[in-house]
Amino acid sequence: MQVAMVDLEHHFANHPSLFTGLTMTLVSGHVYALTGPSGSGKSTLLGILAGWTTPSSGTVVHTGIEAIGWVFQNPHGVAARTALDHVALPLLAQGEKRSDAEKHASTYLARFNLTYAANRAFKELSGGEAQRLMLARAIAAAPSLLLVDEPTAQLDPRTAATVNQTLGAIADDGTIVVVATHDQRTREACTDVIDLGEYT
Ligand SMILES: Nc1ncnc2c1ncn2[C@@H]1O[C@H](COP(=O)(O)OP(=O)(O)O)[C@@H](O)[C@H]1O
Ligand SMILES: [Mg+2]
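Please read all numbers here as calculations on a predicted model, not as lab measurements. (Residues numbered from 1 in each chain as written. Chains lettered and ligands numbered in written order. Predicted model: local features only at pLDDT ≥ 70, side-chain atom pairs only at ≥ 80, totals over all residues. Heavy atoms only, no water.)

Asker: Talk me through the packing of aromatic side chains; I want residue IDs and the actual numbers.
Answerer: A complete count under the given rule lists 2 aromatic pairs for this structure. An angle of 25° between the planes, with centres 4.8 Å apart, marks the rings of W52 and W70 as stacked. Placement of W52 in the loop between α1 (42-50) and β4 (57-63) and of W70 in strand β5 (residues 68-71) is noted, with a sequence separation of 18 residues between them. For W52, a relative accessible area of 60% gives the class exposed. Residues W70 and F72 carry aromatic rings whose centres are separated by 5.1 Å and whose planes lie at 10° to one another, so their mutual orientation is stacked. Every member of this aromatic cluster is reached through a ring pair, and the members are W52, W70 and F72. (Phe/Tyr/Trp six-rings, centres within 6.5 Å; stacked < 30°, edge-to-face > 60°. Helix = DSSP H or I, 4+ residues; strand = E, 2+ residues; numbered from the N terminus. Buried < 20%, exposed > 50% of the residue type's maximum accessible area, 1.4 Å probe, protein only.)

Structure representation (structure tokens):
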């Protein structure tokens, strides 16, 4: 399972290149920090990796990638639904029985330090808790490739730290994870760095 980026270059019409000559192969079990200043093309590259955006030149070759998951900067959940329910949902969708799905969901909540919040409604969660829940839910859906866009951008440093602490464990199931970030601590929590600044 891998995602190969081959000589990628991208620019929007009448704008200079965001990045050029980007060649790199992303592999299972790694968490890649995608760094670069605001406006450097991080979100654009995530869209290219997902196949939503066609690069101006170069190719992305997916090998063995089945499902692609996303986690965005602003956590979106169902206000009255519990944290546990949010994570159980993708497991039910995969055909698990409710009792199994809830047990299984609890293990994901534990991995993201959310056991204490399992029965809280989404609207009662803090920003950091909600963002950890989005990561737990994304991982429960077992994507081959998980794209995470600025997970700590809306959080204060202390809350961001609780998210960063869980990033290392995110690729344990063999998922390829790419985290766009300009948070130094998030970058340190990842296993590898793709610095767009090196491809201008
Ligand atoms: N659909 C689009 N059309 C034109 N310009 C765009 C489009 N999407 C993004 N841009 C521009 O491309 C640049 C890179 O954007 P983005 O990938 O969002 O950067 P980052 O995520 O690193 O902040 C920005 O200057 C942005 O305004
Ligand atoms: Mg962005």
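There is more to say after this.
Asker: Describe the packing of helix α2 (residues 83-93) against helix α3 (residues 98-111), and please don't skip the residues or the numbers.
Answerer: In contact at an axis separation of 8 Å, α2 and α3 are set at 120° when each is read in the N-to-C sense. Regarding the angle of α2 to α3, the classification is oblique. Classified by chirality, the crossing of α3 by α2 is right-handed. Contacts between α2 and α3 involve L84, D85, V87, A88, L91 and L92 on the former and, on the latter, R98, A101, E102, H104, A105, S106, Y108 and L109. A class-by-class count of the residues in the contact of α2 with α3 yields 9 nonpolar, 2 polar and 3 charged. (Axes fitted to C-alpha atoms, helices over the stretch in contact; angles between N-to-C directions. Parallel < 35°, antiparallel > 145°, perpendicular 65-115°, else oblique. Left-handed = near helix turned anticlockwise from the far one by under 90°. Contact = heavy atoms within 4.5 Å. Nonpolar A, V, L, I, M, F, W, Y, C, P; charged D, E, K, R; others polar.)

Asker: I'd love a proper account of the site of ligand 1, names of residues and values included.
Answerer: Lining the immediate environment of ligand 1, one finds F12, L18, P37, S38, G39, S40, G41, K42, S43 and T44. In the environment of ligand 1, an oxygen atom lies 3.3 Å from a nitrogen or oxygen atom belonging to the backbone of S40. Contacts to ligand 1 include K42, whose backbone N or O atom sits 2.9 Å from an oxygen atom. For ligand 1, the protein covers 54% of the area, taking 560 Å² as the surface of the free molecule. Of the residues belonging to the shell around ligand 1, the class tally is 3 nonpolar, 6 polar and 1 charged. (Near = heavy atom within 4 Å. Polar contact = N/O pair within 3.5 Å; in protein donor to acceptor, adjacent residues only side chain to side chain. Areas by Shrake-Rupley, 256 points an atom, 1.4 Å probe, with all protein chains shown as cover.)

Asker: Tell me what's going on with the pairing of strand β6 (residues 145-149), and back it up with residues and numbers.
Answerer: In terms of residue burial, β6 counts as a mostly covered element, since 5 of its 5 residues are buried. Taking every second residue as pointing to the same face, both faces of β6 are buried, with L145, L147 and D149 on one and L146 and V148 on the other. Pairing geometry for β5 and β6, over 4 bridges, is parallel. Each bridged residue has a counterpart across the sheet, and for W70 the counterpart in β6 is L147. Following the chain from β6 across helix α5 (residues 157-167) to the adjacent parallel strand β7 (residues 176-180), one finds a crossover that is right-handed. (Pairing = 2+ DSSP bridges. Right-handed = clockwise from strand over helix to strand, strands pointing away.)

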